[in-house]
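An overview of the molecular structure
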Amino acid sequence: GSLGQALDIGVKVLSGGGTSLDAVEQVIRFLEDDPLFNAGRGAVFNAANEAAVAGKHLKDKGVTLFHTHFSSTVALFVSRIYGLAFSMTVHGPDEFVDARGFHMKEKLQQASAVVSISNFASSQIKRAALPEHWSKVCVIPLGVDPLQFQHPRVPAQPEDGDMFRLVTVGRLAPAKAQIVLIEA
């Protein structure tokens, strides 16, 4: 069936020396055109199929540039398959643990711009990519200036023994390290 043919296409690309990205691209192209699988209309969801669905939708709407905040692998596939330009935001640390598996080099090559949330994140992005693409990386710090949100009756620093409240926004995932905040 369709999935067997798609698997054969991927194996052929990889056996011929192609990259995993090349294999995924060819498989998506096949599945998107396959009436039984119907990937171009959202039948199965994973990074490759999300790219087929998103890319077709964006192309049909006349979009030429899009930004991704969390799905940069999908964005890379959309860009390669549909020829759309994209920019992305990179937070870390997940992306830096396995920059090769995250395809950081390929993403920076393909992206129009990359937003980094810190100088450290910027350095890790650049570390994984070719220098000629470093100029695409810009730092837009992520954080809150507590002085901008100071309540007039609450001191900026609690005095010994005073209790204060802390608010954090983020996924409850080990990489977000909320436990470090609580223990501090």
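Let us look at the structure shown here. Everything quoted here is computed from the prediction, not taken from an experiment.

Reading the values: rules and limits
Residues numbered from 1 in each chain as written. Predicted model: local features only at pLDDT ≥ 70, side-chain atom pairs only at ≥ 80, totals over all residues. Heavy atoms only, no water. Helix = DSSP H or I, 4+ residues; strand = E, 2+ residues; numbered from the N terminus. Buried < 20%, exposed > 50% of the residue type's maximum accessible area, 1.4 Å probe, protein only. Contact = heavy atoms within 4.5 Å. Areas by Shrake-Rupley, 256 points an atom, 1.4 Å probe, with all protein chains shown as cover. Expected span 1.5 Å × (residues − 1). Polar contact = N/O pair within 3.5 Å; in protein donor to acceptor, adjacent residues only side chain to side chain. Axes fitted to C-alpha atoms, helices over the stretch in contact; angles between N-to-C directions. Parallel < 35°, antiparallel > 145°, perpendicular 65-115°, else oblique. Left-handed = near helix turned anticlockwise from the far one by under 90°. Nonpolar A, V, L, I, M, F, W, Y, C, P; charged D, E, K, R; others polar. Pairing = 2+ DSSP bridges.

**Comments concerning the overall build of the protein**
When helices and strands are counted, the protein shows eight helices and four strands. The order of helices and strands in the protein, counted from the N terminus, is α-α-α-β-α-β-α-α-β-α-β-α. Each of the 184 residues in the protein was classed as buried or not, and the buried ones make up 34%. Across the protein, every contact between residues at least 6 apart in sequence was considered, and the portion connecting residues at least 24 apart equals 48%. Element-wise, carbon and sulfur atoms account for 58% of the exposed surface of the protein, whose accessible area totals about 12,100 Å².

**A few points about helix H3 (residues 47-60)**
Since the α-helix advances by 3.6 residues per turn, residues separated by three or four positions end up pointing in the same direction. Taking 1.5 Å of rise per residue, the 14 residues of H3 would be expected to cover 20 Å, and the 20 Å separating its terminal C-alpha atoms lies within 8% of that figure. Inspection of H3 places Ala-48, Asn-49, Ala-51, Ala-52, Gly-55 and Leu-58 among the buried residues, and these make up the whole buried set. Buried residues along H3 sit in contact with helix H2 (20-33), strand E1 (65-68) and helix H4 (72-82). Looking one or two places after H3, you find Gly-62, whose phi comes out positive at around 80°.

**Considerations on the side chain of Thr-89**
For Thr-89, the position within the fold is in strand E2 (residues 85-90). A distance of 2.8 Å separates polar atoms of two side chains, one belonging to Thr-89 and the other to His-67. Contact partners of Thr-89, with chain neighbours within four places excluded, come to His-67, Thr-68, His-69, Val-115 and Ile-117.

**Things to note about the packing of helix H1 (residues 2-15) against H2**
For the pair H1 and H2, the least separation of the axes is 8 Å and the interaxial angle reads 150°. In terms of orientation, H1 lies roughly antiparallel with respect to H2. The two elements H1 and H2 meet at a crossing, and its hand is right-handed. Within the contact between the two elements, H1 uses Ser-2, Gln-5, Ala-6, Ile-9, Gly-10, Val-13 and Leu-14 and H2 uses Ser-20, Asp-22, Ala-23, Gln-26, Val-27, Phe-30 and Leu-31. Taken together, the residues that form the contact of H1 with H2 break down as eight nonpolar, five polar and one charged.

**Points about the sheet that holds E1**
If you trace the four strands from one edge of the open sheet to the other, you get E1-E2-E3-E4, paired in parallel fashion. Across the chains shown, the open sheet's two edge strands, defined by having one partner strand only, are E1 and strand E4 (137-139). Ignoring strand direction, the axes of neighbouring strands in this sheet form an average angle of 20°. Where E1 and E2 come together, four bridges link them in parallel fashion. Among the inter-strand pairings, Phe-66 is bridged to a residue of E2, identified as Phe-86.

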